[in-house]
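Reading the structure
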Amino acid sequence: MGDSDGEDTMETPGLPVEVVVYILSFLHASDRKEASLVCRSWYSASQDPRFQKNITFRFPASASSLELIRGLGRKPRCNLIISQLDGFSISRSLLLEVGLCLGPKLESLALPGSSITEASLLALLPRLTSLRRLDLRGLDSLFMSGAFLSREEHRQQVRSALCGLEELDLSDLRYLSDLTFNRLTGCTPRLRRLSLAGCHIAFEFDPYRGCPVGAVEDSSALLSLRNLRRLLMEQKSTLVALDLSRTSITPESLRTVAQVQGLFLEELILHGCKELTNYSVEVLVKHQPSLLKLDISGCTELTSRSVEAIARGLKSLTHLSLSRDWRITEKGLSDLLLLPSLRSLDLSECLHINGTEMVKGLKGSDAARRQLETLNLRSCTYIRDPAVFFLAQLLGDTLCELDLTSCSNVTDLSVCAVATYLQKLVVLRLGWCKEVTDWGLLGMVQRAKCEPDEETGDKGPRFTRTFGNMGFFKPPCLPFEERPKLVTPNDLEQFRVQAGASLLALSRLQELDLSACSKLTDSSITQVMRFPDLHHLSLSMLPEITDNSLVSTARHCRSLTSLALSHCPGISDRGVAQAAPYLPRLQHLYLSCCNNITDRSLLLLVQHCKRLRTLDISRCNNISTAAVDLLQTRLPFLENLHYKFIGGADLSLAL
């Protein structure tokens, strides 16, 4: 260091790389990424192999992607998601470069939204000798002709490269047949995970030949249950996860799969398989007792009988999804919550759930054995404050994710209970809980409510002699018709000095959804939005918030990567101008129907938010197409831009 006279200077010695690596190990991935931009030595430390595990690079196919792929060649290992590939020269060159620069280093490859040729993929696959995961979902162009891997020399080359492949995703392939399925899986003898979600599988009847499945040899038109069973028998020693979501699997077909001798599945996904019955679940539980993860969401024929069977037979279950199983009631949930290994439970859109049996089950278990980390109660409209209070109290030591979206009877009392007991929460969703107010977020008991019709309070419908309301009864005052007492400056001063259970207690939050909680105002948002690790925030459809909320949030939540402010009329250019400099990490921004947003905001986003990947400015009346064109040319990572009906377009013309 030098003195004020400009004499000899001496550089401060840098920290050893090992010390910098140790320091960076305490940071979240996004913070570590920012730290790597400080200097060359910090960048080198951020490239330590311990930080490079499970990092996936995602980008669309373009000419500029070629240089990126060459740069990734310096990494010891790599995972890629390349979208929008087609049969043109740029895509062919891109796949060729992947094979040349990353071939033996590539561990995972996914090609979503692409339409590549068979020749392009066959030229690439033999070079990927370390590939562990291959995602070919929706790539109908590969299987349409039925000639994929039809030549023996091609199969030998692919087999030698993919002999170590563990995960294969063949979801949503319309033209997958017995022949192409056999050729591809014959090159992958050690599969651990297989996905056939959304594929056209013939489980009992072949519509093309007009005969039962299995009466003929391998079909060139469809994939049959007989062929799937053959694969399960061949790879039963390694296969542990199977996804048959959105297929027409029948109870007897599921029984055939479950009874494969020597097959011990740990994960089974049957989302949207609407023909399954309680009997099929009972058979599944009986023959696959080692299941750890089970998804039977959207199987609308299932009832609580299935829940009871699962609670009896799957003692090691860790993840269970019953979402949209509308016939399920409280029965059996108490036994389910007694499972000591259960980590995740999804009961979203189970309309008959009120939480009573869940509380009973948790109270009946030893506190040390409660391991539930994720609980989804979205759209369970019978859930009320007492249930939330007891659940929060009983799960305070373990719960990290709670979804109460559209639980219309949840009020400020539930928010206070969550803030008091669930201080380990990482994800909290309260969207469309319209009874949540500023008082709940501030952790203060509302001292004055709207005055009832009489001094004794609202006692329900009352007899009247008025003839205008059919039946002579005056309807009761409904809760959503009441307007909460507004928070005053004196109330905020009290909030600052008290030690109440405000949302500030949830210091670990990384995702928060308050969309459509229409009673929230700047009074609470500006006080409680102070989460340094918050990455995803939704404040959409809050008509009372203004630029003050946006600016305060940006200043105190600088790790935000996703921010939703759609349908917030109080947000304007002034707020964006003050907030944008604090949001350099922002990748997804939703501003639809914010009519006070103009071209100036887009210029500010270009200047300060250069990492934007998604931007929604649809129905913003004061934005011009010229500004949108400039935005697209200046933001290199922008993938999804929604700008329908900007500039005050007449919506009636689109009808």
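Residues numbered from 1 in each chain as written. Predicted model: local features only at pLDDT ≥ 70, side-chain atom pairs only at ≥ 80, totals over all residues. Heavy atoms only, no water.

Turning our eyes to something else, we now look at the pattern of salt bridges. Using the criterion set out here, one finds 26 salt bridges in the structure. For the salt bridge of E34 with R585, the shortest nitrogen-to-oxygen distance reads 3.8 Å. Pair noted here: E34 is in helix α2 (residues 29-35) and R585 is in the loop between α22 (573-579) and β24 (588-590), with a separation of 551 residues, a long-range link. R151 is the salt-bridge partner of E153, the closest N and O atoms lying 2.5 Å from each other. (Salt bridge = Lys/Arg side-chain N within 4 Å of Asp/Glu carboxyl O. Helix = DSSP H or I, 4+ residues; strand = E, 2+ residues; numbered from the N terminus.)

This paragraph deals with the side chain of T405. Mapped onto the secondary structure, T405 falls in the loop between β17 (401-403) and α17 (412-421). Discounting chain neighbours no more than four positions away, the residues touching T405 are L377, R378, S379, R429, G431 and W432. (Contact = heavy atoms within 4.5 Å.)

What helix α1 (residues 17-24) keeps buried is the set V20, V21 and L24. Summarising the axial view, the buried residues of α1 lie within an arc of 100°, below the 170-degree limit, and thus occupy one face. For α1, the exposed residues set more than 90 degrees away from the buried face come down to E18 and Y22. Taken together, the buried residues of α1 touch α2 and α3 (40-46). (Buried < 20%, exposed > 50% of the residue type's maximum accessible area, 1.4 Å probe, protein only. Arc of directions from axis to C-beta.)

Bringing helix α8 (residues 152-161) into the picture now. Where α8 is concerned, the buried positions are R155, V158 and A161. Projected down its long axis, α8 carries its buried residues within an arc of 130°, all on one side.

Bringing the confidence of the model for the protein into the picture now. Confidence in the prediction of the protein, expressed as mean pLDDT, is 87, and 85% of residues score 70 or more. Across residues 447-482 the pLDDT falls below 50, and counting only partners more than four positions away or on other chains, this stretch makes 36 contacts in the model. Predicted confidence is poor over residues 651-655, with pLDDT under 50, and the contacts of this stretch with residues over four places away or in other chains come to three contacts. (pLDDT = per-residue confidence, 0-100.)

What follows covers the pairing of strand β2 (residues 78-83). Buried residues dominate β2, accounting for five of its six residues. Summarising the sheet, strand β1 (residues 56-60) and β2 pair through five bridges and their orientation is parallel. The residue of β2 that forms the bridge with F57 is L80. In this fold, the crossover linking β1 to β2 by way of helix α4 (residues 65-72) has right-handed handedness. Taken together, β2, helix α5 (residues 89-102) and strand β3 (residues 106-110) constitute a β-α-β crossover, and its handedness is right-handed. (Pairing = 2+ DSSP bridges. Right-handed = clockwise from strand over helix to strand, strands pointing away.)

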